[in-house]
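Listed below are the residues making up each chain.
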Amino acid sequence: MRVIRVSLFLYLCLGVGIAAAQAAPDLSALKALQGRVVYLDFWASWCAPCRQSFPWMNTLQSRYGAQGLTVVAVNLDHERTDADLFLKRLAPAFEIRFDPQGDWARLFKVQGMPTSVIIDRSGNARFTHVGFNSQDAAGYEAQIQKLLAER
Amino acid sequence: MSIRIMMACLVAMALLSGCSSLGVEPWQRDLLSRRDMLPGGSRLDDAIDDHLYFSKEASSGGRSFGGGGCGCN
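Please read these numbers as outputs of a predicted model, since none were measured by experiment.

Analysis parameters
Residues numbered from 1 in each chain as written. Chains lettered and ligands numbered in written order. Predicted model: local features only at pLDDT ≥ 70, side-chain atom pairs only at ≥ 80, totals over all residues. Helix = DSSP H or I, 4+ residues; strand = E, 2+ residues; numbered from the N terminus. Buried ≥ 20, exposed ≤ 12 C-beta atoms within 10 Å, placed from the backbone. Pairing = 2+ DSSP bridges. Core = buried A, V, L, I, M, F, W, Y, C linked by C-beta atoms within 7 Å. Contact = placed C-beta atoms within 7 Å. Axes fitted to C-alpha atoms, helices over the stretch in contact; angles between N-to-C directions. Right-handed = clockwise from strand over helix to strand, strands pointing away.

## A closer look at the overall build of chain B
Okay, step 1: Each helix and strand counted, chain B has 3 helices and 0 strands in total.
Okay, step 2: The N-to-C order of helical and strand elements in chain B reads α-α-α.
Okay, step 3: The burial tally for chain B puts 3% of its 73 residues in the buried class.

Printed below as a string of structure tokens:
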């Protein structure tokens, strides 16, 4: 009996420890976009493929925005000035969010830079891509078209 | 269970699970690549380390296989 009580208590302690290590990020900005297809992109200024993806994401936003696509690019730089310089050079025409603590990145289990998550109109993450190169872009676009067509 | 054991368990398990969130995440690579994170970030430190190494290991040849043995180079 005593053994069970001790082990239960240990599990409880473990749970408390894990809960303390992970705080839930505020996703209200994403929830507000429900009903739209969201291309959620995680990027940083030091990441070269991210730089390549920005003009493409500009094209996406202008081509599919009216059909219900929103591009949201989450910056993961630790220094805000680095991000600002990058943004000044690449002039994105879509929503930029800043996540220097990596809360969103942790939640979406970002495995590499850049990582993009395509979220459907009901708010489910449907496709995840790690890395970016222009050869894959057509495939991503096809997935976005597919999700836009769903009602 | 005495309070003391319970507290010890709490601390031990909190520390144990603390290790589950260790490691560098992909988006933290900018911190890793900072100049002051390089192993040879400071030239003065490097020079001192090298001098210590060279002097201490001189008896077995220092940085090379040639020479050595006397500890005087």
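## Notes on the pairing of strand β5 (residues 125–130) of chain A
Residue and element names in this part refer to chain A.
Okay, step 1: By the bridge criterion, 5 bridges tie strand β4 (residues 115–119) to β5 in an arrangement that is antiparallel. By the bridge assignment, Ser-116 is partnered in β5 with His-129.
Okay, step 2: Two successive antiparallel strands, β4 and β5, enclose a turn made up of 5 residues, where Gly-123 displays a positive phi of approximately 90 degrees.

## Details of the nonpolar core
All names here are of chain A.
Okay, step 1: With 28 residues, the main nonpolar core has Tyr-39, Phe-42 and Trp-43 as its most contacted residues.
Okay, step 2: Those elements that place two or more of their residues in this core are β1 (37–43), α3 (48–64), β2 (69–75), α5 (103–107), β4 and α6 (137–149).
Okay, step 3: Looking at this core, the element that brings in the most residues is β1, giving 6 residues.
Okay, step 4: Not counting the four nearest positions on each side in its chain, Trp-43 is found in contact with Cys-50, Ala-73, Asn-75, Leu-76, Met-113 and Pro-114.

## Regarding unusual backbone geometry
All names here are of chain A.
Okay, step 1: Going from Met-113 to Pro-114, the amide bond is cis rather than trans, its omega being -10 degrees.
Okay, step 2: Of note, Pro-114 is situated in the loop between α5 and β4.
Okay, step 3: With a phi angle near 40 degrees, Ala-91 is a residue other than glycine that sits in the positive phi range.
Okay, step 4: Here Ala-91 lies in the loop between α4 (80–90) and β3 (95–98).

## Description of the environment of Arg-106 of chain A
Residues and elements named next belong to chain A.
Okay, step 1: Examined against the element boundaries, Arg-106 turns out to sit in helix α5.
Okay, step 2: You can call Arg-106 partly exposed: it has 16 C-beta atoms within 10 Å.
Okay, step 3: When the C-alpha atoms of Arg-106 and Pro-25 are compared, they prove to be 9.3 Å apart, with 81 residues separating the residues in sequence.

## A look at the sheet that holds β2 of chain A
Residues and elements named next belong to chain A.
Okay, step 1: Read from one edge to the other, the open sheet built from 5 strands follows the order β3-β2-β1-β4-β5, with strand pairing classed as mixed. Here the strands that pair on one side only, and so sit at the sheet edges, are β3 and β5. Averaged over neighbouring strand pairs, the angle between their axes works out to 20 degrees when direction is ignored.
Okay, step 2: Across 4 bridges, the pairing between β2 and β3 is parallel. Bridge pairing links Asn-75 to Phe-98 in β3.
Okay, step 3: Lying over the sheet, α6 contacts β1, β2, β4 and β5, oriented at roughly 145 degrees with respect to β1.

## Observations concerning the pairing of β2 of chain A
Residue and element names in this part refer to chain A.
Okay, step 1: When you tally the buried positions in β2, you get 6 out of 7 residues, the bulk of the element.
Okay, step 2: Sheet topology note: the β1/β2 ladder contains 7 bridges and is parallel. Along β2, the bridge assignment pairs Val-37 with Leu-69.
Okay, step 3: Regarding the hand of the β-α-β motif, the stretch spanning β1, α3 and β2 is right-handed.
Okay, step 4: Each parallel crossover has a hand, and for β2 linked through α4 to β3 it is right-handed.

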